[in-house]
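Structure assessment
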Amino acid sequence: MTIPARVHFCWIGPTLPWAYVFAVLSAAARSGMDEVILHHTDALAEGPEIRALRAAARVRLSRIDPAAYLASVERAAGIAEGRLSAFYQSVPRPVQRADILRVAILYREGGVYLDLDTITVASFRPLLGAAQFVGTEFIVWPQAVCATRDWRIRARHVALAALRRVLRTVPLGWKLFRRVTHLYYRGMNNAAMGAQAGSPFFATCLRHMLAMSPQERVRPYALGPHLLDALAACGESGTLTVHDPAIFYPMPPEISEHLFRRSRHARAQDVLQPGTCVVHWYASVRTKQRVARITPRSVRADRERQLFSALVSMVLETLPDED
């Protein structure tokens with residue numbers, strides 16, 4: 001195995017909602033890895049969420065100072081002193097800062113990185129033989145399409161967006177979407193990635209981030225999916241293994257809203273496809289407002305009528321206490 005058997009999460013802020021606690025606990029329960037690390041930049045507010053993480057086997061909470069951590073990455077990668085830290089400070093949003101930290105963590109320590117809006121459902125061990133990997137998802141608007149002036153291409157993707165919008169809302173639309181995935185573009189996503197320490201690809205990612213103008217670096221997805229796609233398009237992905245959407249993104253963006261719909265009978269296994277290790281549920285797309293409502297109590301109540309709760313209940317035999 002070239003990728004170390006550890007999982008990394010990253011959190012910026014003092015309060016960790018239950019929805020994200022379930023991400024860490026599911027990785028500890030199902031990933032088959034030796035260690036699950038939650039890197040956090042702020043002191044975490046005490047409460048049942050943090051107590052549940054401290055009580056979990058193989059879970060470690062690790063507070064990091066971004067400036068010091070990035071300085072150590074600079075030394076390892078041969079990047080001029082202070083550049084990564086200055087770059088980190090130059091982006092205002094936590095999501096952009098997390099994009100920088102996840103690449104830095106993978107480069108320095110190696111392992112598997114996951115976003116906190118995920119549920120781990122199977123072992124990562126079969127994926128560790130690669131030097132580095134990312135996954136793909138089905139999307140409507142790849143960067144090249146957004147930039148094109150060809151009305152025929154744009155019209156096609158407007159139609160694809162409309163179809164996805166319909167399937168996002170109709171009952172069982174997520175199952176119908178699987179019949180038309182061949183029409184959609186497979187774009188890389190940085191919510192699930194893996195690498196050995198010192199990965200050449202992730203060193204390249206850091207250098208390309210530093211080369212971005214102040215205007216470029218703050219654009220949506222510029223430090224994540226768009227950067228990965230750009231490096232692949234210009235032939236700089238090297239030995240990067242690129243996994244099919246089924247592995248990490250069996251429910252694509254927008255369509256993932258179905259994970260939180262209620263139905264008569266929700267079966268967790270229906271969401272999974274051959275090889276699925278992770279179900280990414282896209283906190284940044286429509287489901288964000290639901291995060292605060294997710295608790296162990298809500299999962300217990302909805303486990304038979306909501307796919308998200310069914311998935312959490314499937315991977316966690318015992319849900320933590322809220323008191």
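Now for a look at the structure at hand.

Reading guide: rules and limits
- Residues numbered from 1 in each chain as written.
- Predicted model: local features only at pLDDT ≥ 70, side-chain atom pairs only at ≥ 80, totals over all residues.
- Heavy atoms only, no water.
- Helix = DSSP H or I, 4+ residues; strand = E, 2+ residues; numbered from the N terminus.
- Rg over C-alpha atoms; globule rule 2.2 N^0.38 Å.
- Buried < 20%, exposed > 50% of the residue type's maximum accessible area, 1.4 Å probe, protein only.
- Contact = heavy atoms within 4.5 Å.
- Areas by Shrake-Rupley, 256 points an atom, 1.4 Å probe, with all protein chains shown as cover.
- Lys, Arg positive; Asp, Glu negative; His and termini not counted.
- Charge placed at Lys NZ, Arg CZ, Asp CG, Glu CD.
- Phe/Tyr/Trp six-rings, centres within 6.5 Å; stacked < 30°, edge-to-face > 60°.
- Lys NZ or Arg CZ within 6 Å of the ring centre and 35° of its normal.
- Pairing = 2+ DSSP bridges.
- Axes fitted to C-alpha atoms, helices over the stretch in contact; angles between N-to-C directions.
- Salt bridge = Lys/Arg side-chain N within 4 Å of Asp/Glu carboxyl O.

Further remarks concern the overall build of the protein chain. Assigned secondary structure in the protein chain consists of 15 helices and nine strands. For 323 residues, the compact-globule estimate of 2.2 N^0.38 gives 20 Å, and the C-alpha radius of gyration of the protein chain, at 19 Å, lies within 12% of that figure. When the backbone C-alpha atoms are referred to their principal axes, the protein chain occupies close to 60 × 55 × 35 Å. When each of the 323 residues of the protein chain is scored for burial, the buried share is 58%. The contacts of the protein chain with a sequence gap of at least 6 include a subset with a gap of at least 24, amounting to 79%. As displayed, the protein chain has an accessible area near 14,300 Å², and 52% of this comes from carbon and sulfur atoms. The distance from the centre of the 40 positive side-chain charges to the centre of the 27 negative ones in the protein chain is 6 Å.

What follows covers the packing of aromatic side chains. Aromatic ring pairs are described here by two measures, namely the spacing of the ring centres and the angle between the planes. Within this structure, the stated rule accounts for eleven aromatic pairs. Measuring from ring centre to ring centre gives 6.1 Å for tyrosine 20 and tryptophan 281, while their planes differ by 15 degrees; the resulting arrangement is stacked. With a gap of 261 residues between them, tyrosine 20 in helix α1 (residues 18-30) and tryptophan 281 in the loop between β9 (278-280) and α14 (296-302) connect regions that are remote in the sequence. For the residue pair tyrosine 20 and tryptophan 281, the accessibility class agrees, reading buried in each case. Aromatic side chains phenylalanine 201 and phenylalanine 202 sit 5.2 Å apart centroid to centroid with 80 degrees between the ring planes, which places their arrangement in the edge-to-face category. Considered together, phenylalanine 201 and phenylalanine 202 belong to a single accessibility category, that of buried residues. A connected cluster of aromatic rings, assembled from ring pairs, spans Trp11, Tyr20, Phe260, Trp281 and Phe308. The ring of tyrosine 69 carries the charged tip of arginine 108 above its face, separated from the ring centre by 4.4 Å.

Read from one edge to the other, the open sheet built from seven strands follows the order β3-β2-β1-β4-β7-β6-β8, with strand pairing classed as mixed. The sheet is open, and its two borders are formed by β3 (59-63) and β8 (241-243), each paired with just one other strand. For this sheet the average axis-to-axis angle between neighbouring strands, irrespective of direction, equals 35 degrees. Inspection of the sheet shows strand β4 (residues 111-114) paired to strand β7 (residues 185-195) by four bridges, in the antiparallel sense.

This part is about the pattern of salt bridges. Side chains that differ in sign of charge can pair as their charged atoms come close. All chains considered together, the criterion is met by 15 salt bridges. Aspartate 34 is the salt-bridge partner of arginine 125, the closest N and O atoms lying 2.8 Å from each other. With arginine 125 in the loop between β5 (118-120) and β6 (132-139) and aspartate 34 in the loop between α1 and β2 (35-40), this pair connects stretches of sequence that are 91 residues apart. The exposure class of arginine 125 is partly exposed, given its relative accessible area of 28%. Of the residues examined, aspartate 34 reaches a relative accessible area of 53% and is grouped as exposed. For aspartate 302, the salt bridge identified is with arginine 262, shortest N-O distance 2.9 Å. With a gap of 40 residues between them, aspartate 302 in helix α14 and arginine 262 in the loop between α12 (245-248) and α13 (268-271) connect regions that are remote in the sequence. Aspartate 302 gets classed as buried once you look at its relative accessible area, which sits at 5%. Its relative accessible area of 54% is what places arginine 262 among the exposed residues. A network of salt bridges, in which partner residues are shared, links Arg168, Glu254, Glu257, Arg261 and Arg290.

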